[in-house]
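As a plain string of letters, each chain reads:
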Amino acid sequence: MKPPFAPLIVALGVLATGPAAAGMLSVKPAAATGGAAVIPQAQAPLVLQITSRIPTNALLKSIRRRMVRKQRVSFAELRLLADTGDGLAAYRLAQRIVAMEKPDILVDAAHYFSIAVYNGRAYAIRPLVTILADPGVSISEKRLEHIERALRRQADSGELRAVEGLAHLYKTGVPFGRKPEEAQALLKSVLEKKFDGELALRLAVNIARNTPLAPAEIAEIRKYLLIAKTSERPGTRAAAQTLLQTYPEPEVSNDAG
């Protein structure tokens, strides 16, 4: 009987050529390991076991130099570099895993995309969120904590792709559980740091869904729409203007009592 992740084992064996494959690394089933570095999987993990010494700085620099120059870098070499926390290597490795088109190993792609995100590679956010939004991808709680921390790190810095992606995941409940209040709080906190018309419009629309609306909520909607109205994007300005007509400023009573 073939192991559950035979395709990735074969791929690693085919791709692992060059310095890293020359007696340095071997792929073995998880049950045969002892002190090995594990690639987390939903069911049966794969293991790249170090069979000689730990890779030297010179080797890692050589791998990175070839990677940056878009020269040939094997799968095993790329993983060596990614596991040191190199964001670019982690992103490239995740791309290779996704390209294998094997749904049962997307959990590995999510892991490496999250390393890239944590290290400031904002372009890794969208492919990461796409994987996380798939209810068919099973990720352990421990790994989800790391992934969520990576996204929060970027969201807290004002990266809108992380803010929107994380807020979307919080609203749908996959995979972090439903957290609508946290989603709204996240959007608000980032707007305070970064005056952004599109984000303000999104906040206004989110609040408007909570019908019926209290006067305080209408006032908050208008506050965000007025910010959105100053956006550099014509579409955002037009949408804000239209919604302002839907939520007019409440009349103030002149009754003295």
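Numbers given for residues are sequential positions, taken from 1 along each chain in its written order. pLDDT decides what is reported in this predicted model: residues at 70 or higher carry local features, side-chain atom pairs at 80 or more are listed and counted, and totals for whole chains, interfaces and linings draw on all residues regardless. The basis for every side-chain value is the complete set of non-hydrogen atoms in the structure, without hydrogens or water.

Caption draft 1: Inspection of the nonpolar core at higher detail. Here, nonpolar core refers to any group of buried Ala, Val, Leu, Ile, Met, Phe, Trp, Tyr and Cys residues whose side-chain atoms link them within 4.5 Å. In this scheme, a residue with accessible area under 20% of its type's maximum is buried, one over 50% is exposed, and one in between is partly exposed, where area comes from a 1.4 Å probe on protein chains only. One finds Leu 132, Leu 151 and Phe 176 to be the most contacted residues of the largest nonpolar core, which totals 69 residues. Element by element, the count of residues in this core is highest for helix α5 (residues 106–118), at 9 residues. Here Leu 132 is in contact with Ile 139, Leu 144, Ile 147, Leu 151, Leu 169, Val 174, Pro 175 and Phe 176, once residues within four sequence places are set aside. Runs of E in the DSSP output that reach at least two residues are strands. Runs of H or I that reach at least four are helices, and both are numbered from the N terminus. Between two residues, a contact is recorded if the distance between any of their heavy atoms is within 4.5 Å.

Caption draft 2: Helix α10 (residues 197–208), seen in detail. In this scheme, a helix's expected span is set at 1.5 Å multiplied by one less than its residue total. In a regular helix each residue adds 1.5 Å, so 12 residues correspond to 16 Å; α10 covers 16 Å between its end C-alpha atoms and thus fits that length. Taken across its 12 residues, α10 has 9 buried, putting it largely inside the fold. Among the residues of α10, Gly 197, Leu 199, Ala 200, Leu 201, Leu 203, Ala 204, Asn 206, Ile 207 and Ala 208 are the ones counted as buried. Within 3.5 Å is the distance limit for a polar contact, defined as a pair of N or O atoms, with the added protein rule that one can donate a hydrogen and the other accept it, and that residues adjacent in sequence qualify only through two side-chain atoms. Two or three places before Glu 198, at the start of α10, stands the capping residue Asp 196, its side-chain oxygen 3.1 Å from that residue's backbone nitrogen.

Caption draft 3: Expanded view of the side chain of Gln 154. Along the polypeptide, Gln 154 turns up in helix α7 (residues 141–156). Those residues in contact with Gln 154, other than ones at most four positions away along the chain, are Val 117, Tyr 118, Gly 120, Ile 125, Glu 159 and Ala 162.

Caption draft 4: Region of interest: the packing of helix α2 (residues 57–68) against helix α4 (residues 87–99). The geometry of α2 relative to α4 is characterised by a closest axis approach of 11 Å and an angle of 65 degrees between their N-to-C directions. α2 and α4 meet at a crossing whose hand is left-handed. For the pair α2 and α4, contact is made by Arg 64, Met 67 and Val 68 and by Leu 88, Ala 89 and Arg 92, respectively. Taken together, the residues that form the contact of α2 with α4 break down as 4 nonpolar, no polar and 2 charged. Orientation is described by axes fitted as lines to C-alpha atoms, over the contacting stretch for helices, and by angles from 0 to 180 degrees between their N-to-C directions. By definition, turning the near helix anticlockwise from the far helix through less than a right angle yields a left-handed crossing, and turning it clockwise yields a right-handed one. Any residue that is not Ala, Val, Leu, Ile, Met, Phe, Trp, Tyr, Cys, Pro, Asp, Glu, Lys or Arg is counted as polar, Gly included; the first ten are nonpolar and the last four charged.

Caption draft 5: Summary view of unusual backbone geometry. With an omega dihedral of 0 degrees, the bond running from Val 174 to Pro 175 counts as a cis peptide bond. Even without glycine at this site, Glu 101 takes up a positive phi of about 55 degrees. For Glu 101, the position within the fold is in the loop between α4 and α5.

Caption draft 6: Broad picture of the pattern of salt bridges. The rule for a salt bridge is simple: a side-chain nitrogen of Lys or Arg has to be within 4 Å of a carboxyl oxygen of Asp or Glu. A full pass over the atoms with the stated rule returns 9 salt bridges. Between Glu 148 and Lys 179 there is a salt bridge; the shortest N-O distance is 3.1 Å. With Glu 148 in helix α7 and Lys 179 in the loop between α8 (160–172) and α9 (180–193), the pair connects residues that are 31 residues apart, well separated along the chain. There is no split in this pair, since Glu 148 and Lys 179 are both buried. Across the pair Lys 188 and Glu 220 runs a salt bridge whose closest N-O atoms are separated by 2.9 Å. Placement of the pair is Lys 188 in helix α9 and Glu 220 in helix α11 (residues 215–228), with a sequence separation of 32 residues.

Caption draft 7: Summary view of the packing of aromatic side chains. Stacked, edge-to-face and tilted labels apply to pairs of Phe, Tyr and Trp rings (six-membered ring for Trp) whose centres lie within 6.5 Å, assigned for plane angles under 30 degrees, over 60, and everything in between, in that order. On inspection of all chains with the given rule, the structure shows 3 aromatic pairs. On the numbers, 5.8 Å between centres and 55 degrees between planes, the contact of Tyr 91 with Phe 113 is tilted. One end of the pair, Tyr 91, is in helix α4; the other, Phe 113, is in helix α5, with 22 residues separating them in the sequence. The two residues Tyr 91 and Phe 113 agree in class, both being buried.

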